[in-house]
Protein chains: 2
Amino acid sequence: MPKRVDHDQRRVQIAEALQRLTTRAGLEGVSLRQVAAEAGMSMGSVQHYFKTKDEMLLFALEHRHKLRTERITAKVLAEGPPTPRSILRACLVEILPRDPESEADFLIGVAYFIRAVADPAMAKVFGEGTPELLQFFAGQIRQAQAAGDVPASADPAAEAAILWALADSQGSEILMGHRTPADAVSTVDYYLDRLFGA
Amino acid sequence: MPKRVDHDQRRVQIAEALQRLTTRAGLEGVSLRQVAAEAGMSMGSVQHYFKTKDEMLLFALEHRHKLRTERITAKVLAEGPPTPRSILRACLVEILPRDPESEADFLIGVAYFIRAVADPAMAKVFGEGTPELLQFFAGQIRQAQAAGDVPASADPAAEAAILWALADSQGSEILMGHRTPADAVSTVDYYLDRLFGA
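Residues numbered from 1 in each chain as written. Chains lettered and ligands numbered in written order. Predicted model: local features only at pLDDT ≥ 70, side-chain atom pairs only at ≥ 80, totals over all residues. Heavy atoms only, no water.

Visitor: I tried to follow the environment of V185(A) on my own but got confused; where do I start?
Guide: Residues and elements named next belong to chain A. Position of V185 among the secondary structure elements: in helix α10 (residues 181-196). The exposure class of V185 is buried, given its relative accessible area of 16%. Along the chain, V185 and L77 lie 108 residues apart, while their C-alpha atoms are 20 Å from each other. Contacts of V185, omitting those with residues within four sequence positions, involve R89, V93 and L96. (Helix = DSSP H or I, 4+ residues; strand = E, 2+ residues; numbered from the N terminus. Buried < 20%, exposed > 50% of the residue type's maximum accessible area, 1.4 Å probe, protein only. Contact = heavy atoms within 4.5 Å.)

The structure is reproduced here in C-alpha cells:
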C-alpha cells in the first residue's frame, strides 16, 4: 500500500511540473526532457510513469479535473445549502479562467483541443469529458424543473449545451485578452437569471 | 490596373493553396515551401507576397471572411426580405462547420486561435474580428427590439455574446466529432426561438 501511494504522488508531481511548463512556455513546445528537469526527476523515471506526452497530458487533465471538482464542491457547500442554480453557477465560473489556477486548468483543456484537431484518436479521448459534463448540467436543470424553479418548457439538453458554450467560448476569449473575466461572469449570471426566471 | 488585379489574384491563389493544405494536413505542420508547391509557384514568388506564415494566415482569414460574408448575404437575400432573425440565424449556421467549405473556414479560425494562445501579438490581430461581429449581432438585436420582435428587457451585448458562444463552442465540438451539425443548428434555433419569443 505505501508503495502505491508513492506512485500516485510521483504522477501528480510530474503532472504539476508539466502544468507549470505549459502555463509558462505555451503548450506544444514542452518536451518530456523539460518535464523531467522541472519535476526534479530523471527522464527514465518520467518514462516509467508515462510512455508518451499524450499519456502525461491525459493524466494531468484528469488530475486538474479532480482538484477542480473538489474546489467547486467546497465553494458550493460554503455558500449554504446547494441548489441547482448555485451548483451550475459555481461550475461555469470555475471553468472560466479568472486566476492562475483556473487559467492553468483552461490551458490544459486548450492543449488537448489543439492536439485533438489534428488527431482523431486524441479527439475521442479528449471528448469523453464533455458529454459527461453536459449530462450533469442537464440533470441539474431537470431537478430545478421538478422544483418549479425552471419553466417546464426549457429543454434540459439544449440548456446544458448553451451553458457549456458560455464557459467554453468565453474562456477562450478571456485567454486571448478579448473579454474580461468579470464580463464573462456577468453574461453567465444574465443567462442564469433568464433560465431560472419566470 | 490590370497589374494590381493580378497581384490580388496571386494572393488569393496562395491563400487557397494554404487552405487546402491546412484542411488536409493539420494546421501547424504547413511550411511556406509546401504552400509554394501546392500553389504551383516558386518559394520566391510566395515570399514576394507574404513575408511570414502568419501574414499569409491573416490574409487567408480575411479572404475567407469576405467569401463567407458574400455567401451569407446571398443566402439571406434568397430567403426573402431579410429580418434581424434571418440574418442572425444565417450568420450562426454559416460559422458552424457543416460542409467542407465551412469546415475549412472554421479550421482557419482554429489555426489562428492556436497561434494566439502562445503569442499575445497574434492574439491582438486575431481578436479584431470578434468584437466587430459582436457589435453587428448586438445591432441586429437592437433593431429587433425597436420592431417589437425581441423583448426590451434583453441586453443586446449579453445576447450577442451568447449567440457567438453558441457558434464558437459548438463549432469546436463538431470539429472534434462530439456534436453533429444538426444538433448544433437545433440549439441555435432553440435559442433564437427563446430570444425572439414573447
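Text resumes after the structure shown.
Visitor: Sorry if this is basic, but what is going on with the nonpolar core here?
Guide: It is characteristic of soluble globular proteins that their nonpolar side chains tend to be buried jointly. Counting 132 residues, the largest nonpolar core has L163(A) and L163(B) as the members making the most contacts within it. If we ignore the near neighbours within four places in the chain, the residues touching L163(A) are L88(A), L92(A), F137(A), I141(A), Y191(A), L192(A) and L195(A). (Core = buried A, V, L, I, M, F, W, Y, C linked by side-chain atoms within 4.5 Å.)

Visitor: So what exactly am I meant to see when it comes to the interface of chain A and chain B here?
Guide: Much of the literature gives interface size as the accessible area that the parts lose upon coming together. At the junction of the two partners, chain A supplies 35 residues and chain B supplies 35 residues. Buried area between chain A and chain B, both sides added, is near 2900 Å², and the carbon and sulfur share of it is 72%. By the criterion of area lost to chain B, the three top residues of chain A are F113(A), M176(A) and Y190(A), representing 21% of everything that side buries. For the pair chain A and chain B, the interface holds 2 salt bridges. (Buried area = accessible area lost by both parts, 1.4 Å probe. Salt bridge = Lys/Arg side-chain N within 4 Å of Asp/Glu carboxyl O.)

Visitor: How do you make sense of the confidence of the model for chain A when you look at a structure like this?
Guide: Note that predicted coordinates carrying low pLDDT should not be read in detail. Across chain A, the average pLDDT comes to 88, with 94% of residues at 70 or higher. Averaged pLDDT values over the elements of chain A bottom out at 74 in helix α7 (residues 120-127) of chain A and peak at 96 in α10(A). (pLDDT = per-residue confidence, 0-100.)

Visitor: Would you mind going over the pattern of salt bridges with me for this structure?
Guide: Note that side chains of opposite charge can pair when their charged atoms are close. Residue and element names in this part refer to chain A. By the definition in use, this model includes 28 salt bridges over all chains. Note that R64 and E101 form a salt bridge whose closest N and O atoms lie 3.7 Å from each other. Within this pair, whereas R64 is found in helix α4 (residues 53-78), its partner E101 is found in helix α6 (residues 100-118), the two being separated by 37 residues in sequence. In this structure R64 comes out as buried when scored by relative accessible area, which is 9%. You can call E101 partly exposed: its relative accessible area is 36%. Connected through salt bridges with shared partners, the residues R64, R68, R71, K75, E94, R98, D99, E101 and D105 form a single ionic network.

Visitor: Could you clarify how one ought to interpret the packing of aromatic side chains in this entry?
Guide: Here a ring pair, both rings aromatic, is described through the centre-centre distance and the interplanar angle of the planes. Residues and elements named next belong to chain A. Taken as a whole and assessed by the stated rule, the structure comprises 5 aromatic pairs over all chains. Between F50 and F59, the aromatic rings sit 5.5 Å apart at their centres with planes inclined by 50°, giving tilted as the arrangement. A relative accessible area of 3% places F50 in the buried class. (Phe/Tyr/Trp six-rings, centres within 6.5 Å; stacked < 30°, edge-to-face > 60°.)

Visitor: What am I meant to see in the domain arrangement of chain A here?
Guide: Residues and elements named next belong to chain A. What the domain assignment reports for chain A is domain 1 (1-51) and domain 2 (53-196). Measuring from the centre of the C-alpha atoms in domain 1 to the corresponding centre in domain 2 gives 26 Å. Listed by partner, the interface residues are 17 residues for domain 1 and 16 residues for domain 2. Summing the contributions of domain 1 and of domain 2, the shared interface buries around 1600 Å²; its carbon and sulfur component is 71%. Scanning the region where domain 1 abuts domain 2 turns up 0 salt bridges. One can count 5 residue pairs in polar contact (both at pLDDT 80 or more) joining domain 1 with domain 2. Of the residues in the side of domain 1 that touches domain 2, the class split is 11 nonpolar, 2 polar and 4 charged. (Domains from an automatic or database assignment. Polar contact = N/O pair within 3.5 Å; in protein donor to acceptor, adjacent residues only side chain to side chain. Nonpolar A, V, L, I, M, F, W, Y, C, P; charged D, E, K, R; others polar.)

Visitor: Explain the packing of helix α8 (residues 129-146) of chain B against helix α9 (residues 156-175) of chain B to me, please; I cannot follow it from the model alone.
Guide: When two helices pack together, their arrangement is given by the angle between the helix axes and the distance between those axes. Residue and element names in this part refer to chain B. Close contact between α8 and α9 brings their axes to 8 Å; oriented N to C, the two are set at 120°. Classified by the angle between their axes, α8 and α9 sit oblique to one another. Relative to α9, the crossing made by α8 is right-handed. Within the contact between the two elements, α8 uses T130, L133, L134, F137, A138, I141, R142 and Q145 and α9 uses P156, A157, E159, A160, A161, L163 and W164. Taken together, the residues that form the contact of α8 with α9 break down as 11 nonpolar, 2 polar and 2 charged. (Axes fitted to C-alpha atoms, helices over the stretch in contact; angles between N-to-C directions. Parallel < 35°, antiparallel > 145°, perpendicular 65-115°, else oblique. Left-handed = near helix turned anticlockwise from the far one by under 90°.)

Visitor: When you look at helix α7 (residues 120-127) of chain B in this model, what are you seeing that I'm missing?
Guide: Residues lying three or four places apart along an α-helix face the same way, a consequence of the helix completing one turn every 3.6 residues. Residues and elements named next belong to chain B. Listing the buried residues of α7 in full gives M122, A123, F126 and G127. Buried residues of α7 fall within an arc of 125° about the axis and therefore sit on the same side. Taken together, the buried residues of α7 touch α4 (53-78), α6 (100-118) and α8. (Arc of directions from axis to C-beta.)

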